[in-house]
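Next come the chains, spelled out residue by residue.
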Amino acid sequence: MDTAAYRVRPDEPVDLSARPTRDDGGLSRDQGREQFRKLTRRLQALQEVMYAQNRHSLLVVLQAMDAGGKDSTLRNVFGPVNPQGCHVSSFKAPSTLERSHDFLWRIHQQVPPRGHIGVFNRSHYEDVLIVRVKDLAPKSVWQKRFDHINHFEKMIADEGVSVVKFYLHISKAYQQKRLQRRLDRPDKHWKFNPDDLAERARWAEYMHAFEDALSKCSQPHAPWYVVPAERRWFRNLLVAQVVVDTLEALNMKLPEPTFDPATIRIE
Ligand code: ATP
Ligand code: MG
């Protein structure tokens, strides 16, 4: 699959209304699922080598509007990965302590250590998204954060962290369907938060904030991908493909043993 078509080029202007929310990459659902199964096995193998080699790490950032499918992407793509080598961090509204620090303080602590995959369910991008849309900090503060984010991501990339970022792209109509489903199904009521409707009402402002963040903060070492997210099998496939390609590019090898296995006898 050609994942480059979904990548945002550095400083490329992004018009989300012109990007598909529903795609199939020219595949049938069955073909997509078969490819996904193969990628899952490849991801498991690559993760094991990364863990054994203990040199590189991978940071995956997931952002989306409510009901955009972050949880389900996480479960499908990273569920099969050895939990010993994979950690998910969910970033909610910052606590009093977190708010008394700079916006990257709580983020930096969760960057995956060598040998590990870290997945951010929401991230430091909230500090140029909800913070901007809801005016939680003055423009003079959030505006400078694009540069701070770029420098931060460059720093961790230079230190051995591969960074890849996904915006799960859905339409406002699709969000309505998914939120309604949460209302209709008693087993999904816990997922419904009436406050989400206030965010939904600011859809256009969120799209504008996302466009700015995607355009300003997609770099060769930390690219953004706009993932058409309304077909879930395609969404999972695209995310898995990019993750596998990113790991493959590291050319990782299992470490050489520090002993000669042929000379060792186990009695
Ligand atoms: P779900 O999609 O399953 O509802 P969620 O990620 O929306 O999960 P919630 O607890 O519903 O989790 O919401 C977390 C909220 O915290 C979001 O509205 C998000 O915008 C907000 N948030 C995250 N980071 C920040 C931040 N730095 N400043 C202010 N709000 C933030
Ligand atoms: Mg929510």
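Because the structure is a prediction, the values reported are computed rather than measured.

About the cut-offs
Residues numbered from 1 in each chain as written. Chains lettered and ligands numbered in written order. Predicted model: local features only at pLDDT ≥ 70, side-chain atom pairs only at ≥ 80, totals over all residues. Heavy atoms only, no water. Axes fitted to C-alpha atoms, helices over the stretch in contact; angles between N-to-C directions. Helix = DSSP H or I, 4+ residues; strand = E, 2+ residues; numbered from the N terminus. Parallel < 35°, antiparallel > 145°, perpendicular 65-115°, else oblique. Left-handed = near helix turned anticlockwise from the far one by under 90°. Contact = heavy atoms within 4.5 Å. Nonpolar A, V, L, I, M, F, W, Y, C, P; charged D, E, K, R; others polar. Near = heavy atom within 4 Å. Polar contact = N/O pair within 3.5 Å; in protein donor to acceptor, adjacent residues only side chain to side chain. Areas by Shrake-Rupley, 256 points an atom, 1.4 Å probe, with all protein chains shown as cover. Phe/Tyr/Trp six-rings, centres within 6.5 Å; stacked < 30°, edge-to-face > 60°. Buried < 20%, exposed > 50% of the residue type's maximum accessible area, 1.4 Å probe, protein only. Lys NZ or Arg CZ within 6 Å of the ring centre and 35° of its normal.

**Section: the packing of helix H2 (residues 70-78) against helix H11 (residues 232-248)**
Link 1 in the chain: Between H2 and H11, the shortest axis-to-axis distance is 10 Å and the interhelical angle comes to 55 degrees. Here H2 lies oblique to H11, going by the angle between them. Along this stretch, H2 crosses H11, giving a crossing that reads as right-handed. Contacts between H2 and H11 involve Ser72, Thr73, Asn76, Val77 and Phe78 on the former and, on the latter, Arg235, Asn236, Val239, Ala240 and Val243.
Link 2 in the chain: Of the residues in the contact of H2 with H11, the class split is five nonpolar, four polar and one charged.

**Section: the site of ligand 1**
Link 1 in the chain: Near ligand 1 lie 14 residues; those nearest to it are Lys92, Ala93, Arg122, Glu126 and Asp127.
Link 2 in the chain: In this structure, an oxygen atom belonging to ligand 1 sits 3.2 Å away from a side-chain N or O atom of aspartate 66.
Link 3 in the chain: When ligand 1 sits alone it has 630 Å² of accessible area, and the protein chains cover 81% of it.
Link 4 in the chain: Counting only elements with at least two residues in the shell around ligand 1, the list comes to H2 and helix H5 (130-133).

**Structural notes on the packing of aromatic side chains**
Link 1 in the chain: Overall, the coordinates contain seven aromatic pairs when judged by the stated rule.
Link 2 in the chain: The interplanar angle of 75 degrees and the centroid separation of 4.9 Å between the aromatic rings of phenylalanine 91 and phenylalanine 120 together place this pair among those described as edge-to-face. Separated by 29 residues along the polypeptide, phenylalanine 91 in the loop between strand S2 (86-90) and helix H3 (96-99) and phenylalanine 120 in strand S3 (residues 117-121) bring together distant segments of the chain. Per residue, the accessibility class of phenylalanine 91 equals that of phenylalanine 120, and both read buried.
Link 3 in the chain: Through a chain of ring-to-ring contacts, the aromatic side chains of Tyr6, Trp233 and Phe234 assemble into a single cluster.
Link 4 in the chain: Across from the ring centre of phenylalanine 103, 4.6 Å away, lies the NZ or CZ of arginine 145, which sits over that ring.
Link 5 in the chain: Lying across the ring of phenylalanine 146, lysine 216 places its NZ or CZ 4.9 Å from the centre.

Keep in mind that these numbers describe shape and distance, not what the molecule does.
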